[in-house]
Amino acid sequence: MSNVIPLPTPEPAAEERPVLVLDLGGQYSQLIARRVRECRVYSELVNHSISPEEVRARSPLALVLSGGPASVYAEGAPKVDPRIFELGIPTLGICYGMQLMAQDLGGRVERTGVSEFGKTEFKAEEGELFVNLPPEQIGWMSHRDSVTAAPKGARVVASSQSTPIAAFEDPKRRLYGVQFHPEVVHTPYGNELLKNFLYTVADAPPTWTAAAVIEEQVERIRSQVGNERVLCALSGGVDSAVAALLVYKAIGDQLTCVFVDHGLLRKDEATQVVETFGNHFHVPLVHVDAQERFLAGLEGVTDPEDKRRAIGEEFIRVFEEESGKIGTDAKVKYLVQGTLYSDVIESGGSDGVAATIKSHHNVGGLPETMDLELVEPLRMLFKDEVRRVGEELGLPERMVWRQPFPGPGLAIRIIGEVTEERLEILREADAILQEEVRRAGLYRELWQSFAVLPAIRSVGVQGDERTYAYPIVIRAVTSEDAMTADWARLPYDLLETISSRIINEIPAVNRVALDISSKPPSTIEWE
C-alpha cells in the first residue's frame, strides 16, 4: 500500500493577509502604513468606518488604529465599530486610537488640563510591546486628552510625568495602546516597538520584499492583460520607469512604451529616457515630440489646477492616438501608469480616508471618456518601496534615486502663464541647481531641491546698471521618512555658488531667493 505524500501548501501572498491601518484622521496615518511595510509586513490604509464583517473578510494579521485631531467624547468624532475589538485580532491603538479603544472598552478619557506636544520622556515596564527595549525612552506626544483609567483587564506598561497611562496591554484580548507616536522618527525606539507588535504579538512574517513584489506583480500583470498589446505612459521619473520594467519583465514585446516629450521636462531628461529604455533595456519605445501641442494647450492658463487638468487631458489623448498607430492587427487595450499608493490616498481615491491633495495624478484626474484600461503595478507601493523594486530590476542608480518630479513637470513650477521663454529660463536654472547640489554631495541627502520661476519681473542693479528681469526661487527639503519634511539647511557657500551661476549664466534672471516663506508641506512631493 503506497503512502500519500501531501503537497506543500504555498504561502499566501502578503496582500492576502494584510495589517489594516484604520484612518481616524491623523496626519501620520499614511506614515503608519509605511512603517509597517518597512518591517517587511504588508499593510493598507482603510477607512475607520470599516465593519467587523469587512475586517474579518480581509483576514488581517493585525489592526492599527491611527491618531487623530478630535476628542473621542466630542460630537461627530470618528469612531470604529466596537465589535472590531471582539474579533480576537491583535490591535494597536496609537494616540487617538488608544483613547478610542480605552473609551469603547470601559476605560476613561478626560481632558486633564495638561497637554503634551513634542519629545517626551516616559518610563516603560516589561511587556510585549517593550520587550528588549530600555526602561527609559523618548516618545513623540501630541495630545490634550489623556486616558485616565485603562480598560478592565488591561495593564499599564508606560507612563510619563504628565501622563500616568502612556501605554497599556491586554494580552488576553490581544489589545494594546500607546499614547505616543512610534511611527515618527522622533520616537527613537518606535520602529522596534512596532516590530515587537508585528512579530511577537501578531506573529506576522516579514515577507514583503522587493523580490516578492516583483514575482507577484509579474503574475498579476500576465493574468490581467493576457496576450493583449499594452502601452506604458513613460514619463522618465522613477515611478513610470519601474512600472515599465515590471510590465516588460512580465510580457516582453507585448509592451510598447510611449514617452511623451511635452517640453516640460528638466534639462537633458528626454535624452536620458531614450538612452535608458531604448538603448540599454531594449524596451520597445515610441518617442513623441509634443512640445508645441502642450504649449498651445497651456496658452493663457495661469491657475495651477487648470494647468494640471489641461496637461493630464492632453496626455491621455496622445496615448490614445499612439495606441491607434501601434495596434495594426488588434487595437491596444491597456495603458500602464506609475500610480503609487500615496497618489491613490492623496487623490481621494482610497475609500475617502484622505482629502483630495493631488488631482494631477491620473488616479484622480482621468478624463471621463478614455478608451484604455489601466494597468497600475505600483498602485499599492510607497516611493521607497518603488526604489527598492527599481534597484532589484537593475534600473540605473541615477534614475532610481531621481528626486520626485511632478507629472505636469515645470509647468507648475512656473507661477503664472507657461511660455517657451520661461520654460528655458527655469530649465537652465534648475540644471545649475541640480549640478551644484550633486557636486556638493548633497543630492541623496535632499528629498527635493528645485527652482521656481514667478512670472514677474523685478528691478535690480547689475554692473552699475538697472535691470528688469525675472527672479528665481530655490526650494530644498529633507526627509527622514519620505512622508514629512523639513527645510534643508544648505551651506551658505553652496547657495552663493548657485545664485552667482544663475545670475551670471542666465541673462533673464537678476535675483535668486531661497524659499523659507512658509512651513514645509505635510507631504513632501511639493509642486
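In what follows, the structure referred to is the one given above.
Just so you know, these numbers come straight off a predicted model, no measurement behind them.

So, how was this worked out
- Residues numbered from 1 in each chain as written.
- Predicted model: local features only at pLDDT ≥ 70, side-chain atom pairs only at ≥ 80, totals over all residues.
- Heavy atoms only, no water.
- Salt bridge = Lys/Arg side-chain N within 4 Å of Asp/Glu carboxyl O.
- Buried < 20%, exposed > 50% of the residue type's maximum accessible area, 1.4 Å probe, protein only.
- Helix = DSSP H or I, 4+ residues; strand = E, 2+ residues; numbered from the N terminus.
- Expected span 1.5 Å × (residues − 1).
- Pairing = 2+ DSSP bridges.
- Axes fitted to C-alpha atoms, helices over the stretch in contact; angles between N-to-C directions.

S.K.: Explain the pattern of salt bridges to me, please; I cannot follow it from the model alone.
M.R.: Close approach of charged atoms allows side chains with opposite charge to pair. As enumerated under the stated definition, the model contains 35 salt bridges in all. The salt bridge partner of Glu376 is Arg379, with a shortest N-O separation of 2.7 Å. A relative accessible area of 28% places Arg379 in the partly exposed class. Between Glu436 and Arg501 there is a salt bridge, with its nearest N and O atoms 2.8 Å apart. Of this pair, Glu436 sits in helix α14 (residues 420–439) while Arg501 sits in helix α15 (residues 492–505), and the two are 65 residues apart along the sequence. Arg501 carries the same exposure label as Glu436, and that label is buried. Counted as one network, the salt bridges with shared partners bring together Arg34, Arg35, Glu38, Asp384 and Arg388.

S.K.: How do you make sense of helix α6 (residues 238–251) when you look at a structure like this?
M.R.: Counting along an α-helix, one turn takes 3.6 residues, and residues three or four places apart therefore face a common direction. Look at α6: 20 Å from first C-alpha to last across 14 residues, which is about the 20 Å you get at 1.5 Å a residue. Among the 14 residues in α6, 12 count as buried, and that is most of the element. Every buried residue of α6 is accounted for by Val238, Asp239, Ser240, Ala241, Val242, Ala243, Ala244, Leu245, Leu246, Val247, Ala250 and Ile251. Looking one or two places after α6, you find Gly252, whose phi comes out positive at around 60°.

S.K.: When you look at the sheet that holds strand β11 (residues 255–261) in this model, what are you seeing that I'm missing?
M.R.: Across a sheet, strands are paired by hydrogen bonds formed along the backbone, either parallel or antiparallel in direction. Reading across from one edge, β12-β11-β10-β13-β14 is the order of the five strands in this open sheet, with parallel pairing throughout. Of all strands in the sheet, those with a lone pairing partner are β12 (285–289) and β14 (373–375), marking the two edges. Between one strand axis and the next, the sheet turns through 30° on average, direction left out of account. Examined bridge by bridge, strand β10 (residues 230–234) and strand β13 (residues 334–336) share three bridges and lie parallel to one another. Bridged to Val230 within β13 is Tyr334.

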